[in-house]
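Examination of the molecular architecture
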Amino acid sequence: MSGNFRDRDIISITDFSRAEILHLCEAGHRMAELEKSGRRNILRDALKHRTLSYMFYEPSTRTRTSFNTGMRELGGRYDGFSGTEGTSVMKNETVRDTVTMMCANHNDVLVMRHPLDGSLQWAADVANIPVINGGDGRNEHPTQALLDVLTIYSLREARLDGLRIGFGGDLSHGRTVRSLSLALSHFDDITIRWAAEDFLGMPPDLVELLADRGVKVVRDGSVRDVMRQVDFYYRTRPQLERMPGVKQRDIVSMMKQYRIDLSKIEGFDVRVLHPLPVNSEIAEIDYRVYFTPAQAFFSQAEYGIFLRKALLHEMLGHEGYRRYDGRLPQVLGTGNNRLPRQARGAARSGMFIDRIQDGTVIDHLQPGTLRAVSDALDLENRGYSCTTATIPEKPNPFIKTNLRDLPERDLKRIALLSPEPTIDSVKDGRIAEKFVYLLCANTNCITRTINEDVPPRFFRDGGAIRCRYCRRPYLVSHRKVTAVERKAYVDSLPAVIEPVGYPE
Ligand code: NCD
């Protein structure tokens, strides 16, 4: 069975095949058996001289310590930071530089958790040693999904096909439900049932993706309706840290009817899973449930050690693993987010740009954004010209400036305020280049940060476009982009997430 994890980055569960997931389940299961039969020590030197660095920008108990336990029991070492207090992140150091440093610190693998979606793909692009995603924003948590699957695999005698699983809690702001449901989508005849408030419900883009991958997703009216029809029930806490402005009190009342107490499980042969932690204030699982046969979340957490140990062993337990080699990351260049447009109607455009020989026309700005965009660019204070204009009868204003080749940060500033601007680069009085600047629409995506300098990249998924980093679908909505231009652009994108920065 296939399972080549040597030197691989572990970023998204969608990068795994069914065979690879099963391979890791078997490997994790073997680790559990070694433990139970008292033979843990036979692997005590397997990762001798290997070092893991953990970089946790967000709180963690289980994920961080179980990776450490895995390293320790395999004879390796670990070091890192847990929380950014006391690190140079407090001095505005970028993820890019911090990751580069942690590679240069003679580590062999990085495990990172960060609040922004897509930050782990970015870390992997920068690092020249393997990177493991310990949770990126509300995006993914692939090793959690693998340990969840290992738990189910172990409790269900290695059968994953035909699984019926319920989801409840906060399905919208968490990452574990996304990764687990995508992991399960590799198996046949999977049914997901869920019941939650609209505000905390399954994200529509995920439901769509699951449907495409053959998973049946059904919304039920109550927790008992779900419990009645599933073998496992997966509960999550409300991710309050990702709901700015929402008070815990309001969430408590919102979730009241969805709490798991004895009355919800009574009469059903169901196992309750939870990635943990349970929020003690909200108590989304009543403590009395802990003492029933339904409780499976603490053994689930222990499977986390077995799974992560197995994964580290597969990744680093061989000679010739990819070590830090002293090289700096390659220049990652500009992204592939510039949708080229024909510079048609040059004469007409010429009408608007007659007074600049060399510079840029920032065109097709959204109505009402002109002031905000010109303030954000602050061109005049930087020593450039800035003419703002709105043409009668045309809703979209534009800006012209003698600054040519706008820096990426300026392009991002524009696109954050006014999505999909058209950029005309003018040289010798003619439009030398014309493109629409696309920026991932997911407001929590790392590509939208200004200081991090992540070049926005997309990849092709069938006829659709997805962000390389957060993997959310992107819809080109620019009115003026023709179907032919759009298709040519989509066809120009890579069909897979290829490594950048460190080609062999
Ligand atoms: C989860 C996480 O951080 O995404 N915790 C974990 O890794 N076990 C779930 C959570 O914090 O709710």
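Everything that follows concerns the structure shown earlier in this document.
Right, let's walk through the structure included here. Computed from a predicted model, the values in this text were never measured in an experiment.

So, about the site of the ligand. In the vicinity of the ligand, the contacting residues are Thr-63, Arg-113, His-141, Gln-144, Arg-175, Thr-176, Arg-237, Gln-239, Pro-275, Leu-276 and Pro-277. Taking Thr-63, its side chain carries an N or O atom lying 2.9 Å from an oxygen atom of the ligand. Taking Arg-113, its side chain carries an N or O atom lying 2.9 Å from an oxygen atom of the ligand. In isolation the ligand has 320 Å² of accessible area, and contact with the protein removes 94% of it. Class assignment of the residues belonging to the shell around the ligand gives a composition of 3 nonpolar, 5 polar and 3 charged.

All right, on to the sheet that holds strand β11 (residues 359–363) then. Spatial ordering of the open sheet is given by β10-β15-β14-β11-β13-β12, a layout of 6 strands whose pairing is antiparallel. The two strands at the open ends of the sheet, each matched to only one other strand, are β10 (338–340) and β12 (387–389). Direction aside, the axes of adjacent strands within the sheet are offset by 25° on average. Looking at chain direction, strand β14 (residues 422–427) and strand β15 (residues 430–437) are connected through 6 bridges and run antiparallel. Within β15, the position partnered with Asp-424 by the bridge is Lys-434. Sheet contacts for helix α14 (residues 408–417): β10, β11, β14 and β15; angle to β15, the most-contacted strand, approximately 55°.

Attention now moves to helix α3 (residues 95–104). Within the span of α3, buried status applies to Val-95, Thr-98, Val-99, Thr-100, Met-102 and Cys-103. Next to the buried residues of α3 lie β1 (51–56), β2 (77–82), β3 (109–114) and α4 (119–126). Trailing α3 by a residue or two, His-106 shows a phi angle of about 60°, which is positive.

Here we come to the sheet that holds strand β6 (residues 191–194). Hydrogen bonds between backbone groups are what pair the strands of a sheet, and the pairing can be parallel or antiparallel. With parallel pairing, the 5 strands of this open sheet are ordered in space as β7-β6-β5-β8-β9. Each end of this open sheet is capped by a strand with a single partner; those strands are β7 (216–219) and β9 (271–273). Sheet twist, expressed as the mean angle between neighbouring strand axes with direction ignored, is 25°. Relative to β6, strand β5 (residues 164–168) runs parallel, the two being bridged by 4 bridges. Each bridged residue has a counterpart across the sheet, and for Arg-164 the counterpart in β6 is Thr-191.

Procedures and definitions
Residues numbered from 1 in each chain as written. Predicted model: local features only at pLDDT ≥ 70, side-chain atom pairs only at ≥ 80, totals over all residues. Heavy atoms only, no water. Near = heavy atom within 4 Å. Polar contact = N/O pair within 3.5 Å; in protein donor to acceptor, adjacent residues only side chain to side chain. Areas by Shrake-Rupley, 256 points an atom, 1.4 Å probe, with all protein chains shown as cover. Nonpolar A, V, L, I, M, F, W, Y, C, P; charged D, E, K, R; others polar. Pairing = 2+ DSSP bridges. Helix = DSSP H or I, 4+ residues; strand = E, 2+ residues; numbered from the N terminus. Axes fitted to C-alpha atoms, helices over the stretch in contact; angles between N-to-C directions. Contact = heavy atoms within 4.5 Å. Buried < 20%, exposed > 50% of the residue type's maximum accessible area, 1.4 Å probe, protein only.

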